[in-house]
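Structural overview
Chain residues, written in single-letter form:
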Amino acid sequence: MARFFRLVKNEYIKVFKKLSTKIMIVLIIICALGLSGIALFAKHNMESNNYSSYDATGDYQETIDWLKNTNGDPNEIAMWQYLIDNDIDSDDWRYDVLSAMFADGTGDMSGIKKYLDDNDWRGFCQYRLDNDILTEGEKWEYQYRLDKDISFDKSNEKKNDLIMTVANAKNTIATMGDAKSDGQNSKAKLEDNIKLALYQLDNNKLDNTANQMTLFETERA
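As a starting point, this report considers the structure included with it. In this text, all values refer to a predicted model and were calculated from it rather than measured experimentally.

**Description of the overall build of the protein chain**
Across its full length, the protein chain carries 11 helices and zero strands. When the helices and strands of the protein chain are listed from N to C terminus, the series reads α-α-α-α-α-α-α-α-α-α-α. Looking at the protein chain as a whole, 27% of its 221 residues are labelled buried. Within the protein chain, contacts between residues separated by at least 24 positions form 41% of all contacts whose residues are at least 6 apart in sequence. When the accessible surface of the protein chain is totalled, it reaches about 15200 Å², and 53% of it is carbon and sulfur.

Spelled out as structure tokens, the structure:
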């Protein structure tokens, strides 16, 4: 047995004396270090991307440039500039309400600027109710938010979605008049959507729409 181990030892010595073996060992070490460096770099890059805040002002400026080049609405240009000047990103309620106002062609910041500056969503809602020509959905939304003290904040995301469901349905019904329509856009279907959304809002049942529909129909019966 001792002779066997001596033979193995001698073979190892011969192998490690070869230049090719030494080169292979060096290459293995270099590859290992290189892969470790790449892994650390990738990890650092991912962490930087995950934790750095997104700067939307670049996109805003591109929009402003495009509007200027296409003779866009000066009020809309002023809106995007306001977002830049006040460092308002797309997660801010002021971005949402301003975008909606300009989307439906009612963009004018002169009356609401004070409330935007003060980050006062209640004052904004009341001002629009008192001074602006609103759709049925907008009238209901602003009054409902004031009555229930529901801000536009992202922390109320599920409630905001339900509120918009009701507001959009009310707007659609208002344009339908007495006309009848089939399928999902029928007046009866829209009214049921409103009732379900209000049931969820008023009872704070914000999850599992299918289950809430069952509970809603059971309580209604």
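Right, picking up where we left off after that structure.
**Topic: helix α8 (residues 136-148)**
Here α8 is 13 residues long and its end C-alpha atoms lie 18 Å apart, about the 18 Å a rise of 1.5 Å per residue gives. Buried within α8 are the following residues: G137, E138, W140, E141, Y142, Y144 and R145. Of the surrounding elements, those touching the buried residues of α8 are α7 (121-131), α9 (157-176) and α10 (187-202). Remark: D149 follows α8 within two positions and exhibits a positive phi of approximately 55°.

**Structural notes on the packing of aromatic side chains**
Counting across every chain of the model gives 10 aromatic pairs. The interplanar angle of 50° and the centroid separation of 5.3 Å between the aromatic rings of Y60 and W80 together place this pair among those described as tilted. You can see Y60 sitting in helix α3 (residues 57-69) and its partner W80 sitting in helix α4 (residues 74-85), a full 20 residues away along the chain. Both residues of the pair, Y60 and W80, count as buried. A centroid spacing of 6.4 Å and a plane angle of 85° characterise the contact between W121 and F152, whose relative ring orientation is edge-to-face. Taken together, the residues W121 in helix α7 and F152 in the loop between α8 and α9 connect sequence positions 31 residues apart. Per residue, the accessibility class of W121 equals that of F152, and both read buried. Joined through ring pairs, the aromatic side chains of W93, W121, F124, Y142 and F152 make up one cluster. The ring of F152 has R145 sitting right over it, with the charged end atom 4.1 Å from the ring centre.

**Description of the nonpolar core**
Grouped together as the largest cluster of nonpolar side chains are 24 residues, with contacts concentrated most on L98, L116, F124 and F152. Of all the elements in the fold, those that place two or more residues in this core are α3, α4, α5 (93-103), α6 (113-117) and α7. The residues touching F152, leaving out its near neighbours within four places in the chain, are W93, V97, W121, F124, C125, E141, Y142, R145 and N160. Counting residues in hydrophobic clusters, the runner-up holds 14 residues, among them V166, L190, A197 and L201.

**Comments concerning the packing of α8 against α10**
Look at α8 against α10: their axes get within 13 Å of each other, and the N-to-C directions meet at 20°. Compared by their axis directions, α8 and α10 come out roughly parallel. Regarding α8 and α10, the two cross each other, and that crossing is right-handed. On the side of α8, the interface is formed by W140, Y144 and K148, while α10 contributes L198, L201 and D202. Of the residues contributing to the contact of α8 with α10, the split by class is four nonpolar, no polar and two charged.

**Comments concerning the pattern of salt bridges**
What the rule picks out here adds up to nine salt bridges. The salt bridge partner of R128 is E138, with a shortest N-O separation of 3.9 Å. Placement of the pair is R128 in helix α7 and E138 in helix α8, with a sequence separation of 10 residues. On the basis of relative accessibility, which here comes to 12%, the residue E138 falls in the buried class.

**Side note on α4**
Compared with the 16 Å implied by 1.5 Å per residue over 12 residues, the 16 Å span of α4 between its first and last C-alpha is a close match. Within the sequence span of α4, burial applies to I77, M79, W80, Y82 and L83. Where α4 begins, the side chain of D73 points an oxygen toward the backbone nitrogen of N75, at a separation of 2.9 Å. One or two positions beyond α4, positive phi appears at D87, with a value near 55°.

Basis of the calculations
- Residues numbered from 1 in each chain as written.
- Predicted model: local features only at pLDDT ≥ 70, side-chain atom pairs only at ≥ 80, totals over all residues.
- Heavy atoms only, no water.
- Helix = DSSP H or I, 4+ residues; strand = E, 2+ residues; numbered from the N terminus.
- Buried < 20%, exposed > 50% of the residue type's maximum accessible area, 1.4 Å probe, protein only.
- Contact = heavy atoms within 4.5 Å.
- Areas by Shrake-Rupley, 256 points an atom, 1.4 Å probe, with all protein chains shown as cover.
- Expected span 1.5 Å × (residues − 1).
- Phe/Tyr/Trp six-rings, centres within 6.5 Å; stacked < 30°, edge-to-face > 60°.
- Lys NZ or Arg CZ within 6 Å of the ring centre and 35° of its normal.
- Core = buried A, V, L, I, M, F, W, Y, C linked by side-chain atoms within 4.5 Å.
- Axes fitted to C-alpha atoms, helices over the stretch in contact; angles between N-to-C directions.
- Parallel < 35°, antiparallel > 145°, perpendicular 65-115°, else oblique.
- Left-handed = near helix turned anticlockwise from the far one by under 90°.
- Nonpolar A, V, L, I, M, F, W, Y, C, P; charged D, E, K, R; others polar.
- Salt bridge = Lys/Arg side-chain N within 4 Å of Asp/Glu carboxyl O.
- Polar contact = N/O pair within 3.5 Å; in protein donor to acceptor, adjacent residues only side chain to side chain.

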